[in-house]
Amino acid sequence: MRHAALSVVAGPVGIVAYGLIRLWGRSDDVYGPGLDWQAAHLAGLAGMVFFVPAVLALSRLLPRSRWRTGVVGLTLVGLGATMVQFGADIVEGLLAADRAEMSALGRDFKDIPGVEIAFYDVVPQVFFLGLLVLTGMLAARRLVPWWSVPLLLAGIVLPVVTLDLLPVGGLLMLAAFAPALPKLRRGVAHEEPSLTVR
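Here goes a summary of the coordinates provided. On a predicted model such as this, the values are computed, not experimentally measured, just so you know.

## Notes on the packing of helix α6 (residues 123–140) against helix α7 (residues 148–161)
Inference 1: It is at 9 Å that the axes of α6 and α7 come closest, and there the two elements cross at 170°. As judged from the angle between their axes, α6 and α7 are roughly antiparallel. Crossing geometry of α6 relative to α7 is assigned as right-handed. Contacts from F128, L131, L132, T135, G136 and A139 in α6 reach S148, V149, L152, L153 and I156 in α7.
Inference 2: Partitioning the contact of α6 with α7 into residue classes produces eight nonpolar, three polar and no charged.

## Observations regarding the layout of surface pockets
Inference 1: When its volume is computed, the largest pocket comes out at roughly 970 Å³.
Inference 2: Lining the largest pocket are 34 residues, with Y18, Q85, F86, D89 and L163 positioned closest to its centre.
Inference 3: Contributing elements (two or more residues each) for the lining of the largest pocket: α1 (2–26), α2 (35–59), α3 (66–95), α4 (99–110), α5 (115–121), α6, α7 and α8 (166–177).
Inference 4: Of the residues forming the lining of the largest pocket, the biggest block, six residues, is contributed by α4.
Inference 5: Residues of the lining of the largest pocket, tallied by class, amount to 17 nonpolar, nine polar and eight charged.

## Description of the environment of V126
Inference 1: Relative to the elements of secondary structure, V126 occurs in helix α6.
Inference 2: Between the alpha carbons of V126 and V77 there is a distance of 7.5 Å; along the sequence they are 49 residues apart.

## With respect to the packing of aromatic side chains
Inference 1: According to the stated counting rule, one finds six aromatic pairs in the structure shown.
Inference 2: Pairing F51 with F127 gives two aromatic rings, centres 5.3 Å apart and planes at 70°, and the pair type is edge-to-face. A residue pair is termed long-range when its members are at least 10 positions apart, and F51 in helix α2 and F127 in helix α6 qualify at 76 residues.
Inference 3: Given a relative accessible area of 2%, F51 falls into the buried group.
Inference 4: Owing to a relative accessible area of 0%, F127 belongs among the buried residues under this scheme.
Inference 5: Taking the centre distance of 6.3 Å and the plane angle of 70° together, the rings of F109 and Y120 count as edge-to-face. Pair noted here: F109 is in helix α4 and Y120 is in helix α5, with a separation of eleven residues, a long-range link.
Inference 6: What makes F109 partly exposed here is its relative accessible area of 22%.
Inference 7: Owing to a relative accessible area of 13%, Y120 belongs among the buried residues under this scheme.
Inference 8: Within the aromatic cluster, the residues linked to one another by ring pairs are F51, F127 and F128.

## What to know about the pattern of salt bridges
Inference 1: For the coordinates displayed, the defined rule picks out two salt bridges.
Inference 2: With a shortest N-O distance of 2.8 Å, R22 and D164 are connected by a salt bridge. Taken as a pair, R22 in helix α1 and D164 in the loop between α7 and α8 lie far apart in primary sequence, 142 residues in all.
Inference 3: Take D164: its relative accessible area is 35%, and that puts it in the partly exposed class.
Inference 4: Of the charged contacts in the structure, one is a salt bridge between R26 and D164, with a shortest N-O distance of 4.0 Å. Within this pair, whereas R26 is found in helix α1, its partner D164 is found in the loop between α7 and α8, the two being separated by 138 residues in sequence.

## Brief notes about the side chain of R22
Inference 1: Using a relative accessible area of 9% as the deciding quantity, one classes R22 as buried.
Inference 2: Side-chain polar atoms of R22 contact the side chain of D164, separated by 2.8 Å.
Inference 3: With sequence-adjacent residues up to four places away left out, R22 is seen in contact with Y31, A40, L163, D164 and L166.

## Quick notes on a nonpolar patch on the surface
Inference 1: There is a patch of nonpolar side chains on the surface, built from W67, L129 and V133 and spanning about 320 Å² of accessible area.
Inference 2: As for its placement among the helices and strands, L129 is situated in helix α6.
Inference 3: Since its relative accessible area comes to 51%, L129 is described here as exposed.

Reading the values: the criteria
- Residues numbered from 1 in each chain as written.
- Predicted model: local features only at pLDDT ≥ 70, side-chain atom pairs only at ≥ 80, totals over all residues.
- Heavy atoms only, no water.
- Axes fitted to C-alpha atoms, helices over the stretch in contact; angles between N-to-C directions.
- Helix = DSSP H or I, 4+ residues; strand = E, 2+ residues; numbered from the N terminus.
- Parallel < 35°, antiparallel > 145°, perpendicular 65-115°, else oblique.
- Left-handed = near helix turned anticlockwise from the far one by under 90°.
- Contact = heavy atoms within 4.5 Å.
- Nonpolar A, V, L, I, M, F, W, Y, C, P; charged D, E, K, R; others polar.
- 1 Å grid on protein atoms, 1.4 Å probe; cavity = no way out; pocket = protein on both sides within 12 Å on 5 of 7 lines; lining within 4 Å.
- Points joined across faces, edges and corners; volume = space filled by probe spheres on them.
- Phe/Tyr/Trp six-rings, centres within 6.5 Å; stacked < 30°, edge-to-face > 60°.
- Buried < 20%, exposed > 50% of the residue type's maximum accessible area, 1.4 Å probe, protein only.
- Salt bridge = Lys/Arg side-chain N within 4 Å of Asp/Glu carboxyl O.
- Polar contact = N/O pair within 3.5 Å; in protein donor to acceptor, adjacent residues only side chain to side chain.
- Patch = residues over 30% accessible without salt bridge, like charges linked within 9 Å, V, L, I, M, F, W, Y side chains within 5 Å.
- Areas by Shrake-Rupley, 256 points an atom, 1.4 Å probe, with all protein chains shown as cover.

See the structure below:
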């Protein structure tokens, strides 16, 4: 389970890295397409990839139930949509010669029916909502402290106010999950009820 603990750290760190590289790229008022755009989005995409085993590892601290399965499933669906969004941004950055052309490519992609809802406006938000509910479930069983929930909420909301707060948001997410790390390192997981008659 040490790899699980690593993934729980790496997911938020990817968001921090994305935010920091983005700030660096915007410092000269020329952000995308180019190395800074690609580096930022690759860091963000890597963070999202790490969130897959992180969500699964955190969920295993809870007893098996349909509710747990549903929350994890919806969280992963939202996560997948977020990955597509990052992937589209990376491809658009590779194909475009300048910012205007990149914006045009982005508009063309969003004009495909269902794309804006599926990969931008609605479904990606399910990832963050599911992560918040999962953390609430952990807090309800005292597997993380109560303050992990508002801390995670702040980490999710702050970048919505301005993307410049992405590094702060990532650090808050990391702090929210930190209390679960010792359990993950020790391999502590909920033991499913045995059906064996003794």
